[in-house]
Amino acid sequence: MNPFVPQLLRTVAAAQSISVPGDVPANVQVHLALVHAAASEGVQLLVFPELSLTGYEPDLLAVRVLGADDAVLAPLRDAARATGMALVVGAPVSPWVAGEKPAIGAWAFYPDGRATLYRKRYLHAGEEAFASAGAEDFQVVPFPGQPTAWAVCADATHPAHARDARQGGAALYACGSVISDGSYARESGQLQSDAADLGLAVLLANHGGPTGGYACAGRSAFWAPGGECVVAAPGTGTCLVIASRDGHDRGEEAGSAAWQGRVIDLPGATGVARQ
């Protein structure tokens, strides 16, 4: 049995969340509400936006560094075990090289209790002032039938990142992002091109509201191999964007099965900042 998820990976989702700036406990509660809703929909892999646990707050990055074993994240580790779901959450993390600035990371928590860390490989212009880049060109997790590569925001603006992940065995490219209205057409267009040109399934989890001064576009989405947009959130707000594929338990790659999608609105899944 694969240690990451117990069954063939068929149902994935983007958690389009809205973060309370800098308030990790409040944001953990938002995450849990989305996890519980996703579990009721049969989701096996749930991906949150970039820096979902803190919001995109450059000034807070160094003082909100999170490790997998931190007590504040225990509810998420427990939820992964209880639901049998893999969870990917965005957080400031320790740098690849000790002593450098914090990295922008994606912690993945798995049903067997293990955790893995991916650090954003490519920084946006200006982010080097408060963050350091990761050193892995890609990271692929061997989910049964659906090997998955993680990406964080600007990673997806570098076509080599998705290409290297595909050559490394990925069938799904899952990206947590902060994408504004003005950047959405360009950045979603690149993700669609990755699906069309590389034969990847592509999942985008974007923030559902403002963060770090950016008016995020929402519109989290899933593209099937070949480039068809199967499902997308219509705009901002908190929701799940779910994609499921047909197929038998024979380990088919993503392109050999039909994908279907749905959006579940969750207007009540919002955080309340502590006083």
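Our subject is the structure that appears above.
Because the structure is a prediction, the values reported are computed rather than measured.

Rules used in this analysis
Residues numbered from 1 in each chain as written. Predicted model: local features only at pLDDT ≥ 70, side-chain atom pairs only at ≥ 80, totals over all residues. Heavy atoms only, no water. Helix = DSSP H or I, 4+ residues; strand = E, 2+ residues; numbered from the N terminus. Rg over C-alpha atoms; globule rule 2.2 N^0.38 Å. Areas by Shrake-Rupley, 256 points an atom, 1.4 Å probe, with all protein chains shown as cover. Lys, Arg positive; Asp, Glu negative; His and termini not counted. Charge placed at Lys NZ, Arg CZ, Asp CG, Glu CD. Buried < 20%, exposed > 50% of the residue type's maximum accessible area, 1.4 Å probe, protein only. Pairing = 2+ DSSP bridges. Core = buried A, V, L, I, M, F, W, Y, C linked by side-chain atoms within 4.5 Å. Axes fitted to C-alpha atoms, helices over the stretch in contact; angles between N-to-C directions. Phe/Tyr/Trp six-rings, centres within 6.5 Å; stacked < 30°, edge-to-face > 60°. Arc of directions from axis to C-beta. Contact = heavy atoms within 4.5 Å. Polar contact = N/O pair within 3.5 Å; in protein donor to acceptor, adjacent residues only side chain to side chain.

Asker: Any chance you could explain the overall build of the protein chain here in plain terms?
Answerer: On a plain count of helices and strands, the protein chain comes out with 4 helices and 13 strands. A globule of 275 residues ought to have a C-alpha radius of gyration of about 19 Å, and the protein chain, at 17 Å, matches this closely. Its C-alpha atoms give the protein chain principal-axis dimensions of roughly 50 × 35 × 35 Å. Roughly 10,400 Å² of accessible area belongs to the protein chain as shown, and the carbon and sulfur atoms make up 50% of that amount. Computed over 17 positive and 26 negative side-chain charges, the separation of the two mean positions in the protein chain equals 3 Å.

Asker: How do you make sense of the pairing of strand S5 (residues 115-119) when you look at a structure like this?
Answerer: Consecutive side chains of a regular strand alternate in pointing toward one face of the sheet and then the other. Burial runs high along S5: 4 of the 5 residues are buried. As paired strands, strand S4 (residues 103-109) and S5 are joined by 5 bridges and run antiparallel to one another. Directly across from Gly 105, in S5, lies its bridge partner Arg 119.

Asker: Explanation requested: the nonpolar core in the structure shown.
Answerer: For soluble globular proteins, nonpolar side chains are generally found buried alongside one another. The biggest cluster of nonpolar side chains holds 37 residues, and the ones touching the most others in it are Val 12, Leu 45, Val 47, Phe 143, Trp 150, Leu 203 and Phe 222. If you list the elements that add at least two residues to this core, you get strand S1 (11-16), strand S2 (45-47), strand S3 (86-93), S4, strand S7 (148-152), strand S8 (172-177), strand S9 (201-206) and strand S12 (239-245). In terms of nonpolar packing, the next biggest core, distinct from the first, is built from 33 residues, Ala 13, Ala 79, Ile 242 and Ala 269 among them.

Asker: Teacher, can you tell me more about the sheet that holds strand S11 (residues 229-232) here?
Answerer: Paired through backbone hydrogen bonds, the strands of a sheet run either parallel or antiparallel to each other. On the basis of which strands lie adjacent, the open sheet formed by 6 strands has the order S6-S7-S8-S9-S10-S11 and mixed pairing. The strands lining the two open edges of the sheet, one partner per strand, are strand S6 (140-141) and S11. Across 3 bridges, the pairing between strand S10 (residues 221-223) and S11 is antiparallel. Residue Phe 222 lies in a different strand from S11, and its bridge partner there is Val 231.

Asker: Please explain the sheet that holds S2 as it appears in this structure.
Answerer: With mixed pairing, the 7 strands of this open sheet are ordered in space as S5-S4-S3-S2-S1-S12-S13. Single-partner strands in this sheet number two, and they are S5 and strand S13 (259-265). Recorded for the sheet is a direction-independent mean angle of 20 degrees between the axes of neighbouring strands. Bridge count between S1 and S2: 3 bridges; the pairing is parallel. In the strand pairing of S2, Val 12 is matched with Leu 45.

Asker: Help me understand the packing of aromatic side chains in this model?
Answerer: The geometry of two aromatic rings is summed up by the distance between their centres and the angle between their planes. Tallied over the full model, the rule gives 6 aromatic pairs. Ring geometry for Tyr 56 versus Tyr 214: centroids 5.7 Å apart, planes at 75 degrees, classification edge-to-face. Placement of the pair is Tyr 56 in the loop between S2 and helix H2 (74-83) and Tyr 214 in the loop between S9 and S10, with a sequence separation of 158 residues. For Tyr 56, a relative accessible area of 8% corresponds to the buried category.

Asker: I keep staring at H2 and nothing clicks. Help me out?
Answerer: Turn by turn, an α-helix covers 3.6 residues, leaving residues three or four places apart pointing in a common direction. Of all the positions in H2, only Leu 76, Arg 77, Ala 79 and Ala 80 are classed as buried. When H2 is viewed along its axis, its buried side chains cluster within an angular range of 160 degrees and face the same direction. Considering only its buried residues, H2 is in contact with helix H1 (24-40), S3 and S4. After H2 finishes, the residue Gly 84 shows a positive phi value of roughly 70 degrees.

Asker: Whenever I open this one, the side chain of Ser 132 confuses me. Can you help?
Answerer: Topologically, Ser 132 is positioned in the loop between S5 and S6. On the basis of relative accessibility, which here comes to 7%, the residue Ser 132 falls in the buried class. Only 2.6 Å separates the side chain of Ser 132 from the backbone oxygen of Lys 101, close enough to count as a polar contact. Once you skip the residues sitting within four places of it in the chain, Ser 132 turns out to touch Pro 95, Glu 100, Lys 101, Pro 102, Ala 103, Ile 104 and Leu 123.

These results come straight from atomic positions and should not be treated as a statement about function.
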